[in-house]
2 protein chains.
Amino acid sequence: MTKAPWVYFFGAGGADGDASMRDLLGGKGANLHEMTRLGIPVPPGFTISTQACIHYLKEEAWPEGLEREIKEHMIHLEETMGRVFGDKTQPLLVSVRSGARVSMPGMMDTILNLGLNDETVEGLAQVTSNPRFSYDSYRRLLQMFGEVVRGLPHQLFEYQLEEVKREKGVIQDLDLTAQDLQKVIQRYKDLFAREGVSFPQEPWAQLKEAIEAVFKSWNNERARTYRRIHDIPEEWGTAVNIQTMVFGNLGEDSGTGVTFTRNPATGEKGLFGEFLLNAQGEDVVAGIRTPLSIAKLQEWMPQVYQKLKDLACLLESHYRDMQDIEFTIEKGKLYILQTRSGKRTVKAAIRIAVEMVAEGIIDRATALLRIDPEQLQQILHPDIDPNTVYCVVARGLPASPGAASGKAVFSAQEAEETAAQGEKVILVRPETSPEDIGGMNAAQGILTARGGITSHAAVVARGMGKCCIVGCDTIIINEEEGYILAEGVKINRGGPLTLNGSTGEVIVGEVPLVEADPGPYFSRIMEWADSVRTLQVRANVDTPENALLARKLEAEGIGLCRTEHMFFEKDRINVVREMILAESPQERKKALTQLLPLQREDFKGILRAMEGLPVTIRLLDPPLHEFLPKTLEEMEAFSRERGISLEKVQEKVARLHEFNPMLGLRGCRLGILFPEIYRIQVRAIFEAACTLAKEGVDVRPEVMVPLVAHVKEMRILRDLIEKEAITVMKEQGVRVGYLIGTMIELPRAALTADEIAQEAEFFSFGTNDLTQTTLGISRDDAAKFLPQYVGLGIYPKNPFATLEEGGVGQLIEIGVIKGRNTRHNIKVGICGEHGGDPVSIRFCHKMGLNYISCSPYRIPTARLAAAQARVREELIKWEEEAA
Amino acid sequence: MTKAPWVYFFGAGGADGDASMRDLLGGKGANLHEMTRLGIPVPPGFTISTQACIHYLKEEAWPEGLEREIKEHMIHLEETMGRVFGDKTQPLLVSVRSGARVSMPGMMDTILNLGLNDETVEGLAQVTSNPRFSYDSYRRLLQMFGEVVRGLPHQLFEYQLEEVKREKGVIQDLDLTAQDLQKVIQRYKDLFAREGVSFPQEPWAQLKEAIEAVFKSWNNERARTYRRIHDIPEEWGTAVNIQTMVFGNLGEDSGTGVTFTRNPATGEKGLFGEFLLNAQGEDVVAGIRTPLSIAKLQEWMPQVYQKLKDLACLLESHYRDMQDIEFTIEKGKLYILQTRSGKRTVKAAIRIAVEMVAEGIIDRATALLRIDPEQLQQILHPDIDPNTVYCVVARGLPASPGAASGKAVFSAQEAEETAAQGEKVILVRPETSPEDIGGMNAAQGILTARGGITSHAAVVARGMGKCCIVGCDTIIINEEEGYILAEGVKINRGGPLTLNGSTGEVIVGEVPLVEADPGPYFSRIMEWADSVRTLQVRANVDTPENALLARKLEAEGIGLCRTEHMFFEKDRINVVREMILAESPQERKKALTQLLPLQREDFKGILRAMEGLPVTIRLLDPPLHEFLPKTLEEMEAFSRERGISLEKVQEKVARLHEFNPMLGLRGCRLGILFPEIYRIQVRAIFEAACTLAKEGVDVRPEVMVPLVAHVKEMRILRDLIEKEAITVMKEQGVRVGYLIGTMIELPRAALTADEIAQEAEFFSFGTNDLTQTTLGISRDDAAKFLPQYVGLGIYPKNPFATLEEGGVGQLIEIGVIKGRNTRHNIKVGICGEHGGDPVSIRFCHKMGLNYISCSPYRIPTARLAAAQARVREELIKWEEEAA
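What counts, and where the lines are drawn
Residues numbered from 1 in each chain as written. Chains lettered and ligands numbered in written order. Predicted model: local features only at pLDDT ≥ 70, side-chain atom pairs only at ≥ 80, totals over all residues. Heavy atoms only, no water. Helix = DSSP H or I, 4+ residues; strand = E, 2+ residues; numbered from the N terminus. Buried < 20%, exposed > 50% of the residue type's maximum accessible area, 1.4 Å probe, protein only. Contact = heavy atoms within 4.5 Å. Areas by Shrake-Rupley, 256 points an atom, 1.4 Å probe, with all protein chains shown as cover. Lys, Arg positive; Asp, Glu negative; His and termini not counted. Charge placed at Lys NZ, Arg CZ, Asp CG, Glu CD. Salt bridge = Lys/Arg side-chain N within 4 Å of Asp/Glu carboxyl O. Polar contact = N/O pair within 3.5 Å; in protein donor to acceptor, adjacent residues only side chain to side chain. Core = buried A, V, L, I, M, F, W, Y, C linked by side-chain atoms within 4.5 Å. Phe/Tyr/Trp six-rings, centres within 6.5 Å; stacked < 30°, edge-to-face > 60°. Lys NZ or Arg CZ within 6 Å of the ring centre and 35° of its normal. Pairing = 2+ DSSP bridges. Axes fitted to C-alpha atoms, helices over the stretch in contact; angles between N-to-C directions. pLDDT = per-residue confidence, 0-100. Arc of directions from axis to C-beta. Buried area = accessible area lost by both parts, 1.4 Å probe. Nonpolar A, V, L, I, M, F, W, Y, C, P; charged D, E, K, R; others polar. Least-squares fit on C-alpha atoms with pLDDT ≥ 70 in both. Parallel < 35°, antiparallel > 145°, perpendicular 65-115°, else oblique. Left-handed = near helix turned anticlockwise from the far one by under 90°. 1 Å grid on protein atoms, 1.4 Å probe; cavity = no way out; pocket = protein on both sides within 12 Å on 5 of 7 lines; lining within 4 Å. Points joined across faces, edges and corners; volume = space filled by probe spheres on them.

J.: What am I meant to see in the overall build of chain A here?
T.: A tally of helices and strands in chain A yields 35 helices and 34 strands. Taking all 883 residues of chain A together, 58% fall into the buried category. Partitioning the intrachain contacts of chain A with sequence separation of at least 6 by distance along the chain shows that 67% fall at a separation of at least 24. Only carbon and sulfur atoms are counted for the fraction: they give 50% of the accessible area of chain A, which is about 35,300 Å². The averaged location of the 123 negative side-chain charges in chain A is 3 Å from the averaged location of its 102 positive side-chain charges.

J.: I keep staring at the side chain of B:Asp781 and nothing clicks. Help me out?
T.: Summarising the element assignment, B:Asp781 is placed in the loop between helix H31 (767-775) and helix H32 (786-791). Despite its burial, B:Asp781 remains without a salt bridge, the nearest opposite charge being carried by B:Lys784 at 4.6 Å. Side-chain polar atoms of B:Asp781 contact the side chain of B:Ser778, separated by 2.8 Å. Excluding anything up to four places from it in sequence, B:Asp781 contacts A:His657, A:Glu658, A:Phe659, A:Asn660, A:Pro661 and A:Gly664.

J.: Whenever I open this one, the nonpolar core confuses me. Can you help?
T.: Looking at soluble globular proteins, one finds that nonpolar side chains tend to be buried together. Counting 240 residues, the largest nonpolar core has A:Phe686 and B:Phe686 as its most contacted members. Every residue in contact with B:Phe686, bar those within four places of it in the chain, is listed here: B:Val703, B:Ala725, B:Val728, B:Met729, B:Val736 and B:Tyr738.

J.: What is the right way to look at the packing of aromatic side chains in this model?
T.: Working definition: an aromatic ring pair is given by the centre-to-centre distance plus the angle between the planes. All chains considered together, the criterion is met by 25 aromatic pairs over all chains. Taking 5.2 Å as the distance between ring centres and 35 degrees as the angle between the ring planes, the aromatic pair formed by B:Tyr56 and B:Phe215 counts as tilted. Of the two residues, B:Tyr56 is situated in helix H2 (residues 50-59) and B:Phe215 in helix H8 (residues 203-217); the sequence distance between them amounts to 159 residues. Pair check on accessibility: B:Tyr56 and B:Phe215 agree, each one buried. Relative to B:Phe199, the ring of B:Phe145 lies with its centre 5.4 Å away and its plane at 85 degrees, an arrangement referred to as edge-to-face. Highlighted residues: B:Phe145 in helix H5 (residues 131-149) and B:Phe199 in the loop between helix H7 (178-194) and H8, separated in sequence by 54 residues. Among the aromatic residues, those joined into a ring-pair cluster are A:Tyr138, A:Phe145, A:Phe157, A:Tyr188, A:Phe192 and A:Phe199. Of note, A:Lys490 hangs over the ring of A:Tyr483, and the distance from its end group to the ring centre comes to 4.4 Å. If you follow B:Lys333 out to its NZ or CZ, it ends over the ring of B:Tyr335, 4.9 Å from the centre.

J.: I tried to follow the sheet that holds strand E21 (residues 489-492) of chain B on my own but got confused; where do I start?
T.: Backbone-to-backbone hydrogen bonds join strands into a sheet, with any given pair of strands oriented parallel or antiparallel. Residues and elements named next belong to chain B. Ordered in space as E19-E20-E21, the 3 strands form an open sheet in which the pairing is antiparallel. Of all the strands in the sheet, the pair left with one neighbour each is strand E19 (476-478) and E21. Averaged over all pairs of adjacent strands, the angle between their axes in this sheet comes to 15 degrees, without regard to strand direction. Pairing of E19 with strand E20 (residues 483-486), which is carried by 3 bridges, proceeds in the antiparallel orientation. The partner of Ile477 across the bridge, within E20, is Ile484.

J.: So what exactly am I meant to see when it comes to the confidence of the model for chain A here?
T.: Do not read the predicted coordinates in detail wherever pLDDT is low. When pLDDT is averaged along chain A, the result is 91, and 98% of the positions lie at 70 or above. Across the assembled chains, the prediction reports ipTM 0.79 with pTM 0.79.

J.: Honestly, the sheet that holds strand E25 (residues 536-540) of chain B in this entry has me stumped. Any pointers?
T.: Residues and elements named next belong to chain B. On the basis of which strands lie adjacent, the closed barrel formed by 8 strands has the order E25-E26-E27-E28-E29-E30-E31-E32 and parallel pairing. For this sheet the average axis-to-axis angle between neighbouring strands, irrespective of direction, equals 30 degrees. Sheet strands in contact with helix H35 (residues 859-882) are E25 and strand E32 (851-854), and its direction is about 155 degrees off that of E25.

J.: When you look at helix H2 (residues 50-59) of chain A in this model, what are you seeing that I'm missing?
T.: Because the α-helix completes a turn every 3.6 residues, residues three or four places apart line up on one side. Residues and elements named next belong to chain A. Among all positions of H2, only Thr50, Ala52, Cys53 and Tyr56 are buried. Down the axis of H2, the sector holding all buried residues measures 155 degrees, keeping them to one side. Capping of H2 at its N-terminal end is provided by Ser49; its side-chain oxygen lies 3.2 Å from the backbone amide nitrogen of Gln51. Phi turns positive one or two residues past the end of H2, at Glu60, with a value near 55 degrees.

J.: Sorry if this is basic, but what is going on with the interface of chain B and chain A here?
T.: On the chain A side, the residues contacting the 55 residues of chain B number 55 residues. When chain B packs against chain A, close to 4,700 Å² is buried across both sides, 58% of that on carbon and sulfur atoms. Joining chain B to chain A, the criterion identifies 2 salt bridges. Of the charged contacts in the structure, one is a salt bridge between A:Arg748 and B:Glu804, with a shortest N-O distance of 2.9 Å. Linking chain B to chain A there are 32 residue pairs in polar contact (both at pLDDT 80 or more). Secondary-structure elements contributing two or more residues to the side of chain B that touches chain A are helix H9 (221-230), helix H26 (668-673), helix H28 (711-732), helix H29 (747-751), H31, H32 and helix H33 (805-822) of chain B. Here the side of chain B that touches chain A is composed, by residue class, of 24 nonpolar, 15 polar and 16 charged.

J.: Looking at this structure, I do not really get the relation of the copies chain B and chain A. What am I missing?
T.: Superposition of chain B onto chain A requires a rotation of 179 degrees combined with a translation of 0.1 Å along the rotation axis, giving an RMSD of 0.3 Å. On this basis, the relationship between the two copies can be described by a two-fold rotation axis. Same-surface contact between copies: 100% of interface residues of chain B are shared with the interface of chain A.

J.: Explain the packing of helix H1 (residues 22-37) of chain A against helix H12 (residues 302-319) of chain A to me, please; I cannot follow it from the model alone.
T.: Axes are the key here: two packed helices are described by the angle between their axes and the distance separating the axes. All names here are of chain A. Where H1 meets H12, the axes come as close as 12 Å, and the angle between the chain directions of the two elements is 125 degrees. Classed by the angle they form, the pair H1 and H12 counts as oblique. Relative to H12, the crossing made by H1 is right-handed. Contact residues: H1 offers Asn31, Glu34 and Met35, while H12 offers Leu315, His318 and Tyr319. Class assignment for the residues of the contact of H1 with H12 results in 3 nonpolar, 2 polar and 1 charged.

J.: Explain helix H22 (residues 573-581) of chain A here, please?
T.: Residue and element names in this part refer to chain A. For H22, a buried count of 8 out of 9 residues is recorded, marking the element as mostly surrounded by other parts of the structure. Of the residues making up H22, those classed as buried are Ile573, Asn574, Val575, Val576, Arg577, Met579, Ile580 and Leu581. Elements that come into contact with the buried residues of H22 comprise helix H21 (563-567), helix H23 (585-609), helix H24 (632-642), helix H25 (646-655) and helix H27 (675-694).

J.: Looking at this model, I keep getting lost on empty space enclosed by the protein. Mind explaining?
T.: Counting across every chain of the model gives 10 cavities of 30 Å³ or more. Computed from the structure, the largest cavity encloses a volume of approximately 60 Å³. Lining the largest cavity, in full, are A:Lys712, A:Arg715, A:Ile716, B:Arg228, B:Ile229 and B:Leu792. Of all elements in the fold, only helix H28 (711-732) of chain A together with H9 of chain B reach the threshold of two or more residues within the lining of the largest cavity. Ranked by residue count, the leading element in the lining of the largest cavity is H28(A), at 3 residues. In terms of residue class, the lining of the largest cavity is built from 3 nonpolar, no polar and 3 charged.

J.: Looking at this structure, I do not really get the pairing of strand E6 (residues 238-244) of chain B. What am I missing?
T.: On any regular strand, side chains alternate: one points to one face of the sheet, the next to the other face. Residues and elements named next belong to chain B. Burial of E6 is extensive: 7 of the 7 residues sit out of reach of the surface. Two elements, strand E3 (residues 45-48) and E6, share 4 bridges in a ladder whose sense is antiparallel. In the sheet register, Thr47 faces E6, and the bridge partner there is Asn241. Of the pairings in the sheet, the one linking strand E4 (residues 94-100) to E6 comprises 7 bridges and is antiparallel in character. Each bridged residue has a counterpart across the sheet, and for Val94 the counterpart in E6 is Thr244.

J.: Is there a simple way to explain the pattern of salt bridges in this structure?
T.: Here the idea is simple: oppositely charged side chains can pair when their charged atoms come close. Enumeration according to the criterion identifies 119 salt bridges over all chains in this entry. For A:Arg718, the salt bridge goes to A:Glu761, with nearest N and O atoms at 3.9 Å. Taken together, the positions of A:Arg718 in helix H28 and A:Glu761 in the loop between helix H30 (753-756) and strand E32 (762-765) put the pair 43 residues apart, joining distant regions of the chain. The partly exposed category is assigned to A:Glu761, whose relative accessible area is 22%. B:Arg608 serves as the salt-bridge partner of B:Glu695, at 3.1 Å between the closest nitrogen and oxygen. Placement of B:Glu695 in the loop between helix H27 (675-694) and strand E28 (700-705) and of B:Arg608 in helix H23 (residues 585-609) is noted, with a sequence separation of 87 residues between them. B:Glu695 sits in the partly exposed class, given a relative accessible area of 46%.

J.: What is the right way to look at unusual backbone geometry in this model?
T.: Glycine aside, residues mostly have negative phi, and peptide bonds are mostly found in the trans state. With a phi close to 55 degrees, A:Ala12 is a non-glycine residue in the positive phi region. Tracing the backbone through its elements, the reader meets A:Ala12 in the loop between strand E1 (7-11) and strand E2 (14-15). For A:Ala12, a relative accessible area of 61% puts it in the exposed group. Positioned with a positive phi, B:Ser129 is a non-glycine residue whose angle comes to about 55 degrees. Residue placement: B:Ser129 occurs in the loop between helix H4 (120-128) and H5.

This is how it looks when you write it as structure tokens:
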């Protein structure tokens, strides 16, 4: 058996490896080989395998034969390029880069320009007729070698460079001349000497040491941390790529540029990009010269342009996606340095996907996978005009997408009053509470200093489809005097403010917005998605208006109608307060009776809007104290209005205080302790349903009990609900079909789902609360540590945004399996915030849920994500069958 | 095949049934048959089977043959008793009682004195020479029949009785004469007529209707509710017992009494009880005559006494336990009405158990099962002198046992100051917070108005072994003016107050206490317990003093040493505050450095006290804001002392506010965000351990990370702990063995225990937090609804006192199994409050935990409970093997 080689060559129209050899050649290496095989002119080079790295690290010595193989391949490379490594007149320069099986952006050590030394630098200066470039390249080599190979601190080099600039009196590196750079080179050499380390003039020594340094970098501190966090096995090792350096600044027959195969903004087919003649990639980035449109290349170098066009076409059809291609022209010869799938706007993504299906490049399933469901939000909401320049003064968490402009106001009342005068307003609050709902509704957008993306403000704003930024903790809000301080900019009450809820940007002034326009390709994609998905998509909706919106966005029912939001409206809140302050069930019932007709009308509106579709109504859930007046003024006002002594109000409010309201007297516990509350709610639901049924409307109410932990709670409340429902239906003389079910939002509920399913006809996973309790994290307090947790990779994403599968997901799985064991046809859905998150939707599909429920504006996102989940599942099945 | 009979006779020395026929005859019935078989003279009678009840309820008619069988058995009964049912001169009276397979105290319908009517009442008056008794018996029959059979409201009868008493001008029923009672009888009859229902004069009709009523009572509302809560099948039905009435008031050769087979206070062997001649059981209860010691019976009726003594001996050896026997002597004939295991003090229980083993009545295993581990608390703490009369003004939750007297004080500071003057004080607070620790320590006992039995006050007091009553919400505490209002009694600052922490009684004045005295039999029982149990018992201890106490009580290590309690002491709290307010890791480290020597000394004391035993030290757990000053005064004082501006203090305190601190920035999240805190704690532990090791002390520290939810948290902190431990050991030049482990106190931790076990060498289930998160109940807020929940039977017991097996238990099981799957020898324990609860300990044994950990004073309880768990397990195995 002959040993597999350590080194693999690519170039001159052929390659030893290909895309399938990722494990051996690393991701970067395998792709370089693949492109070469395709006939793409990539700068030739060779890859040292991961096996060599592993051997080196284990034995602390080069494997036998490696050096010989490198030398052989270097000769091959020299022949291919017509240059010689270390030659004074035609020096071959190479780069050395690491490349593991998977991309590890944190640990990539790179050394460019190897092969330069005191002599070859002169040769390069002559060849390129660009001494400045040549000395700069040498300076960079010295610095990179010093840092990466010799481990000298970055600052030492920077200090020397800064010194020379200071002496010269310039600020930019680019203002240094060739002479200046020679001075820098000397200083760097002195630095090496001072630090007692050498810089090898011998190019072979440079190369060998660089390779060893890259091998070793596999085990540096940050790489180990990265691997630990991302569960990457230590024994993989990294490959090393040695590749010819090419230069676009060797004259007017050279150049460099970037092109897309389709327009990344609109999706229109055709080369779209820019280039510079006699320039390096850096020059494009530095912006000192204005690049030209790629179309100009056709005039200047028609053959090169044609070649680029052909290659673009080849790459797009090979990779079956729009490509973003970096190229360099060295003395009329075109090199492709990199190709990758191009970033694009969602509008472009949709058009490209639809057109590629028409062109036969991809199938519909692939088209569906090509669109980021998250990005769909962008085309459903107004956006900032992309041609506008604006001033960002702060950045918060993008809680609800879209953009909005208006006058800054600092209270809900102010928002309502100002909006009533026809002004657009932005509501600015430290945080919002349920009492702010009116003001949030009146505002164009909401900005809060505190709270996470699942805080009250965020949840309500998404429900309203309203732009919202939360947790913007760098701004100082002075509510009393009415101003915001952000980065030294002060925006007074009434001052103009713009929010970009998709990015979290807080902008001074009003900037022009463009209205939402899904465009002609959108409905085609949605149609494909609906034909594929098996998961139903319902909406979380609390009002008749939103029910109509949800219906328009093609919701297949309501998965969560929160009755408490109905309680916060102006005409109701004081009646609710009276109910809470009641001293006896009788008193409480009196107050509840006043709420009955109001709730009934809401339910009528919602049930009518959702005719023929299920409407899940959750009975009262939040802690009662949420409804109570908070400030002394509010208490006084309430005391006056309802004729209840201030002391009593204060005492009751104090008595209802809870240390951890999330785990307090709420949910079905309210229904157990105060059955009259649930009874009146059930009455309102069934009076509404019966009235409509008599009009011939097809109503499908589903009554949902929140925060159940034990089947006995469900049993008691199911009895109560059934009894009241039957009473109402008898009174009304009509029967309507209905279901009684529960939220599964506590670990105990999931763990005992088999018992609970005896009493529940449907489950709806309340993943917000389930996440809080399973992980022991209060979502309102998580901002203090969750960002760091995500940063450290403890949780890959915010578990309140994307369902945490390791723990919460396990409980959902247990809940589904146990629930169906008891009641095989139990309807199972999810109504937490995760219902609108594509990654979580994929998990819900995998768990075999019947439906997900999300904010109305997220319905298209959810429909697409559900379709993608199905497509991915089929692909996996297909791969498994093929294997 | 002949049909099984519907009716089973017992009496005249024989019985158709026995103790094994519980399903057919009900619990009560089967025991009456069993006793009769033993030759015990129980009043004869017969039992109608549960089958008859089921038949009746299903068919709504008497089963064929039932009536005939009853008549036959009634004749048998008449012959046995020499009386005739319905006879005017020698009337036989019977009782009719329900009796299901299991005791259902809520639904028991009973009718006494059946057989009385306008004529037989006169006969009974003559026979007993007691017309008052006879009319009273008849009145009672009318009332019971009216209520139970006819369903008339209780109040209607009470009203008539009250009227007659009012007319007569008396208050007590006993002040009514025979004539008055005849008047009541007439009024009752009028009542029947007015309500349009009859009272059958015919005794057979009375009996038949009474039997039917008992049958039907199986399906009354409260019985159905009771069955639903206790999972008793509907199809069981109830048996009906018809039993002869006997009377102890038929002359000087009659009497009634109660006797124990051993002294229930001391356990001494021998009859112990009292009796009355010519009296009924009621008379003993009513206390109008002073009963005589049972020894007197020997003088008055030597044969009867001898017979009673023999029967007592028989019953005790049959039931193998000390018996509490009710008897009646009717005209020289002794009847046993009831026998049951007698209630006894724990002291008596221990002596009886030890002596019965010596007597060969029971084995050691049974002896261990005979003692209520919970009651052991009583003999370890001082108690109120049982001979004292005292005035209870309020009742709270008995949070920590024992009794204590002292002057009432209203703040921790006051407690410390007054105690420093040599006074005994009782600390009275609305609730306690960690800052009150000093005052709690100085006080004899603690009383709080709020909080449950796992509130801060309760947990800390139990840890200190200090008497404590919490949640005493009927008292009003005025902290400012310094007084308590309870039931109209006002106790001012310095006023005398006594608490009974075992019962929850709050007592005005100082009452005499008796010191704890475990007695000579205690250590024997403990010795047996230790020889049997497999579960280790450790202690939860935070100070060197308590460590010594735990060692004395034979703890086998420390399962939980909370480092945060060390932070609250006077000399430390401001340094801790400075640490929290630090703006940078450097500043924080500076403050931490001041804490290092203090913590180190604590750890030295604890590790030294526990030489040779494991000491589990938990790193900092609670939310940082708990340590911060709360009132404006505290903030000002801190600001002055540490030279930090008041604004800054206020701002930081506000910033650290959390909505749900239980789920906030605490536990290992502190260690992840502020590694310097954990690092200094680890340093303190290992500096202490190394110093001692160099002195030759055998130290076994175990470092425990709290609130872990994800293995990555554990991985990061394990690295940190190991690194610091190794650094310290190198510095000190000595190696000590140690373990690193984690609390399992969040559902996610239990669900992913297989992953976490990769990094943890031991698990300790923190069942307080695990209960909170699994059930979604904040223990600090649970008082608002948990009592009702327990009352409704949703949870059988307070889940913070007794481990909730349905949900929390499932997670523990998952955690243990998954943890051992990864690391088969992982040490698993429990350190929540449940570690001291006998029922929970049984569960821990079943789950195969290695140890439990509890407050020092609960160690004997835990040792016994662990032994009982083992014994019960062996019994079950033995039964299974036998089957």
